[in-house]
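Residue-level structure breakdown
Below, each chain spelled out in residue letters.
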Amino acid sequence: MQICTIPLDTAKVRLQLQKKATGDGVSLPKYRGMLGTVATIAREEGLASLWKGIVPGLHRQCIYGGLRIGLYEPVKSFYVGSDFVGDVPLFKKILAALTTGALAIAVANPTDLVKVRLQSEGKLPAGAPRRYTGALNAYSTIVRQEGVGALWTGIGPNIARNAIINAAELASYDQVKQTILKLPGFKDDVFTQLLAGLGAGFFAVCIGSPVDVVKSRMMGDSTYKSTIDCFIKTLKYDGPLAFYKGFIPNFGRLGSWNVIMFLTLEQAKKFFTREV
């Protein structure tokens, strides 16, 4: 799934890093919209450039995805207590998802940093060398030139972004599905899970987009001194709508990702429950 959605993620990162034109105001932005950004990257840099960051992207999914999903049910059970019976309250679902999202990305932040650094490199002038030749080279170069701590650049907004998005995805999926199942004619089948997955993706993008933009800018541009500095400068120079740059490709990526992830997760749970 990551292989299919990485072009949308690359387009999202380029849109988020693009700053408003200054000066005479006549110059147009290089990237315009999801399809325009994908077409510009493919035309100027080749189709393969849309898959920049695929290797650290896979590293990220293995670490972050495994931890946030694998820990969700145990953490939720911990918050409600072992003797709890009935529907888990929404705020405890949100709390469990915030916890697992924050813990997972704290471990996986280096993979996110390298992914954004690789995706942010556009077409270079003739003869200009690239900063990194690949994912492993990027990890080692960052450690050598900037120190081990640099791998956790942007950790603040990244924890906020992934804790919020994880809560929006897991808690809203749980809640939307629970609400749908109370409606007449609905049962726990693929269609209900598909609707709940789309709802989870939409809520995640709406709530998490501002911190996602700040995270991408901090990781892709070293001129920002802190999370607050990045937020204030983005708001001042690019306006409030800048925090929703890349919304469409982000929803295209997260919406499709959530549908497939939750459908797969539901089938896996049914399979193992049946085996037991």
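Residues numbered from 1 in each chain as written. Predicted model: local features only at pLDDT ≥ 70, side-chain atom pairs only at ≥ 80, totals over all residues. Heavy atoms only, no water.

1. Examining the overall build of the protein
- Summing up its helical and strand segments, the protein has nine helices and zero strands in all.
- Listing each helix as α and each strand as β along the protein from the N terminus yields α-α-α-α-α-α-α-α-α.
- Here the C-alpha atoms of the protein give a radius of gyration of 20 Å, agreeing with the 19 Å that 2.2 N^0.38 yields for 276 residues.
- A principal-axis box enclosing the C-alpha atoms of the protein has dimensions of 65 × 40 × 35 Å.
- Within the protein, the fraction of its 276 residues that count as buried is 46%.
- Intrachain contacts of the protein at a sequence separation of at least 6 include 76% that bridge at least 24 residues.
- Just so you have it, the protein exposes about 13600 Å², and 69% of that area is on carbon and sulfur atoms.
- Side-chain charges in the protein split into 33 positive and 20 negative, and the spacing between the mean points of these groups amounts to 5 Å. (Helix = DSSP H or I, 4+ residues; strand = E, 2+ residues; numbered from the N terminus. Rg over C-alpha atoms; globule rule 2.2 N^0.38 Å. Buried < 20%, exposed > 50% of the residue type's maximum accessible area, 1.4 Å probe, protein only. Contact = heavy atoms within 4.5 Å. Areas by Shrake-Rupley, 256 points an atom, 1.4 Å probe, with all protein chains shown as cover. Lys, Arg positive; Asp, Glu negative; His and termini not counted. Charge placed at Lys NZ, Arg CZ, Asp CG, Glu CD.)

2. Structural notes on helix H2 (residues 33-45)
- With 13 residues, H2 ought to run about 18 Å at 1.5 Å a step, and its terminal C-alpha atoms sit 18 Å apart, in line with that.
- Inspection of H2 places Thr 37, Thr 40, Ile 41 and Glu 45 among the buried residues, and these make up the whole buried set. Each buried residue of H2 lies within a common arc of 95° when the element is viewed along its axis, so the set occupies one face. What points out from H2, more than 90 degrees from its buried face, is the exposed set Leu 35 and Arg 43.
- At its buried positions, H2 is contacted by helix H1 (2-17).
- The positive-phi residue at the C-terminal boundary of H2 is Gly 46, with phi of around 95°. (Expected span 1.5 Å × (residues − 1). Arc of directions from axis to C-beta.)

3. Details of the packing of helix H4 (residues 90-120) against helix H5 (residues 135-146)
- The contact between H4 and H5 brings their axes to 10 Å, and the two run at 105°. It follows that H4 is roughly perpendicular to H5 by the angle criterion. For the pair H4 and H5, contact is made by Pro 110, Thr 111, Leu 113, Val 114, Arg 117 and Leu 118 and by Ala 135, Ala 138, Tyr 139, Ile 142 and Glu 146, respectively.
- For the contact of H4 with H5, the class distribution of residues is eight nonpolar, one polar and two charged. (Axes fitted to C-alpha atoms, helices over the stretch in contact; angles between N-to-C directions. Parallel < 35°, antiparallel > 145°, perpendicular 65-115°, else oblique. Nonpolar A, V, L, I, M, F, W, Y, C, P; charged D, E, K, R; others polar.)

4. As for the state of the cysteines
- The full count for this structure, using the stated rule, is zero disulfides.
- Cysteine Cys 4 shares no disulfide, and the gap to the nearest cysteine sulfur, in Cys 62, comes to 15 Å.
- Residue classification places Cys 62 among the exposed residues on the basis of a relative accessible area of 63%. (Disulfide = S-S within 2.5 Å.)

5. Side note on the confidence of the model for the protein
- Looking at the protein as a whole, its pLDDT mean stands at 87, while 95% of the residues score no less than 70.
- Within the protein, the element-level pLDDT minimum falls on helix H9 (residues 247-275), averaging 82, and the maximum on H5, averaging 95. (pLDDT = per-residue confidence, 0-100.)

6. What to know about the packing of H1 against helix H3 (residues 54-80)
- As a packed pair, H1 and H3 sit with axes 10 Å apart at the nearest point and diverge in direction by 115°. The crossing of H1 and H3 is right-handed. Touching Gln 2, Ile 3 and Ile 6 of H1 are Ile 54, Gly 57, Leu 58 and Gln 61, all from H3.
- Classifying every residue of the contact of H1 with H3 gives four nonpolar, three polar and no charged. (Left-handed = near helix turned anticlockwise from the far one by under 90°.)

7. Side note on the packing of aromatic side chains
- On inspection of all chains with the given rule, the structure shows seven aromatic pairs.
- Where Phe 78 meets Tyr 79, the ring centres are 5.7 Å apart and the plane angle is 55°; that geometry is what we call tilted.
- The exposed category is assigned to Phe 78, whose relative accessible area is 67%.
- Residue classification places Tyr 79 among the partly exposed positions, given a relative accessible area of 27%.
- Taken together, Phe 202, Phe 203 and Phe 251 form an aromatic cluster joined through their ring pairs. (Phe/Tyr/Trp six-rings, centres within 6.5 Å; stacked < 30°, edge-to-face > 60°.)

8. Let's talk about the UniProt feature "repeat: Solcar" (unreviewed entry) in the protein
- Those places that UniProt annotates as "repeat: Solcar" (unreviewed entry) correspond, in this numbering, to residues 1-78, 88-179 and 188-271.
- From the first C-alpha to the last, residues 188-271 spans 15 Å; its make-up is 81% helix and 0% strand. (UniProt positions renumbered as here; feature names shortened; annotations may be inferred.)

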